[in-house]
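Each chain, letter by letter, is given below.
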Amino acid sequence: METSKITGERIAEYLKQGKRFDGRKPEEFRKIEIETGVSKKAEGSARVKIGKTEVIVGVKMDVMEPYPDSADRGNLIVSAELLPLSSERFESGPPRFPAIEIGRLTDRAIRESKFIQMEKLCIKEGEKVWAIYIDIYSLNDDGNLMDAAEIGAVAALKTARMPKYDEETERVVYGEFTDKKIPLQKEPPIMITAYKIGDSWIVDPTLEEEDISQVKVSIGATPEGIISSIQKGEASEISIEEFEDVIELTEEIRKKVFSNIKNSLE
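Residues numbered from 1 in each chain as written. Predicted model: local features only at pLDDT ≥ 70, side-chain atom pairs only at ≥ 80, totals over all residues. Heavy atoms only, no water.

## Digging into the overall build of the protein
At step 1: Along the protein, the regular secondary structure elements total five helices and twelve strands.
At step 2: The C-alpha atoms of the protein give 19 Å as radius of gyration, which agrees with the globular expectation for 266 residues (18 Å, within 12%).
At step 3: For the protein, the C-alpha atoms occupy an extent of roughly 65 × 35 × 35 Å along the three principal directions.
At step 4: Every one of the 266 residues in the protein was classed for burial, and the buried ones make up 47%.
At step 5: Taking all contacts inside the protein whose residues are at least 6 apart in sequence as the whole, residues at least 24 apart take part in 67%.
At step 6: In the structure as shown, the protein presents an accessible area of about 14100 Å², 47% of it carried by carbon and sulfur atoms. (Helix = DSSP H or I, 4+ residues; strand = E, 2+ residues; numbered from the N terminus. Rg over C-alpha atoms; globule rule 2.2 N^0.38 Å. Buried < 20%, exposed > 50% of the residue type's maximum accessible area, 1.4 Å probe, protein only. Contact = heavy atoms within 4.5 Å. Areas by Shrake-Rupley, 256 points an atom, 1.4 Å probe, with all protein chains shown as cover.)

As structure tokens, then:
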């Protein structure tokens, strides 16, 4: 406990000088690596590494009844599983809050941005629509699983191919892919989460930085700055002025992140 406290104090003190222990600036991401097509069975898949943090995301599709309030639109289901192999903090069993939070924030960023053209996934209004399942798995947790998961979901969606659908049997023919892509908007949402430590704001925290943060704000938006989702986490309060600063900060960082990963998403 004492060692953790000293480390936290040192991290906060460094940040007052605009420094971080790994040499980055407060607004700087670690190296982002994206590999797509990592699963032969999934319609789309991606492995994302941000520094030592690593996730794998898969996209599967099925045909089912639409939700009652969206009879002419496809369904989207996002879930996250934080595997014990990625951290001694995670346990097997039903998903706990961190996993639920990652799934919900990824869902919201994608759904509310209208990135997926859900109306084009309707087969027969009120009866049959395509459902998209996005499954997120942590492979290594060294901080910022949140943003890694959302970037992985976007990459998996961008490279996914729709499976064959047999209209006679009204079944999906798994393992047989068409040349059709999931109908998407041109600009993807990119989620950037800012963390407050002391009086400083940073992005892409290491696990040690994430552990001592007092508040976090996740903002999903397109590279052009059209915001689709915002969520504040942790109990500490932030002022309106701080919130405005966070929006401005994440907007500039999002452009840089998108520029770095753009080729991987095309």
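Still more to cover.
## Concerning the side chain of Glu101
At step 1: Topologically, Glu101 is positioned in helix 2 (residues 97-112).
At step 2: Sequence-distant contacts of Glu101, defined by excluding residues within four places in its chain, comprise Met146, Lys216 and Gln231.

## Description of the side chain of Thr193
At step 1: On the secondary structure map, Thr193 appears in strand 9 (residues 190-197).
At step 2: The buried category is assigned to Thr193, whose relative accessible area is 0%.
At step 3: Engagement of the side chain of Thr193 in a polar contact is seen with the side chain of Asp147, the distance being 2.7 Å.
At step 4: Of note is the side chain of Thr193, whose polar atom sits 2.9 Å from the side chain of Ser218.
At step 5: In this view, Thr193 contacts Met146, Asp147, Ile202, Val203, Asp204, Lys216, Val217 and Ser218; residues no more than four positions away in its chain are not counted. (Polar contact = N/O pair within 3.5 Å; in protein donor to acceptor, adjacent residues only side chain to side chain.)

## Concerning the confidence of the model for the protein
At step 1: Overall, the prediction assigns the protein a mean pLDDT of 93, with 98% of residues at 70 or greater.
At step 2: For the protein, helix 1 (residues 2-16) is the element with the lowest average pLDDT, namely 72, and strand 4 (residues 75-81) is the one with the highest, namely 98.
At step 3: A low-confidence stretch, residues 1-6 (pLDDT under 50), is modelled with zero contacts involving residues beyond four sequence positions or located in other chains. (pLDDT = per-residue confidence, 0-100.)

## A closer look at unusual backbone geometry
At step 1: You will see that Lys114, though not glycine, has its phi angle at about 60 degrees, which is positive.
At step 2: Here Lys114 lies in the loop between helix 2 and strand 5 (122-124).
At step 3: Unusually for a residue other than glycine, Asn144 sits at a positive phi of about 65 degrees.
At step 4: Considering the arrangement of structural elements, one finds Asn144 in the loop between strand 6 (128-140) and helix 3 (145-159).
At step 5: For Asn144, a relative accessible area of 0% corresponds to the buried category.

## What about the pattern of salt bridges?
At step 1: The tally for this structure, following the rule as stated, stands at 20 salt bridges.
At step 2: The shortest N-O distance in the salt bridge between Arg89 and Asp211 comes to 2.6 Å. Separated by 122 residues along the polypeptide, Arg89 in the loop between strand 4 and helix 2 and Asp211 in helix 4 (residues 207-212) bring together distant segments of the chain.
At step 3: Its salt-bridge partner being Lys128, residue Glu170 comes within 3.8 Å of it at the nearest N-O pair. (Salt bridge = Lys/Arg side-chain N within 4 Å of Asp/Glu carboxyl O.)

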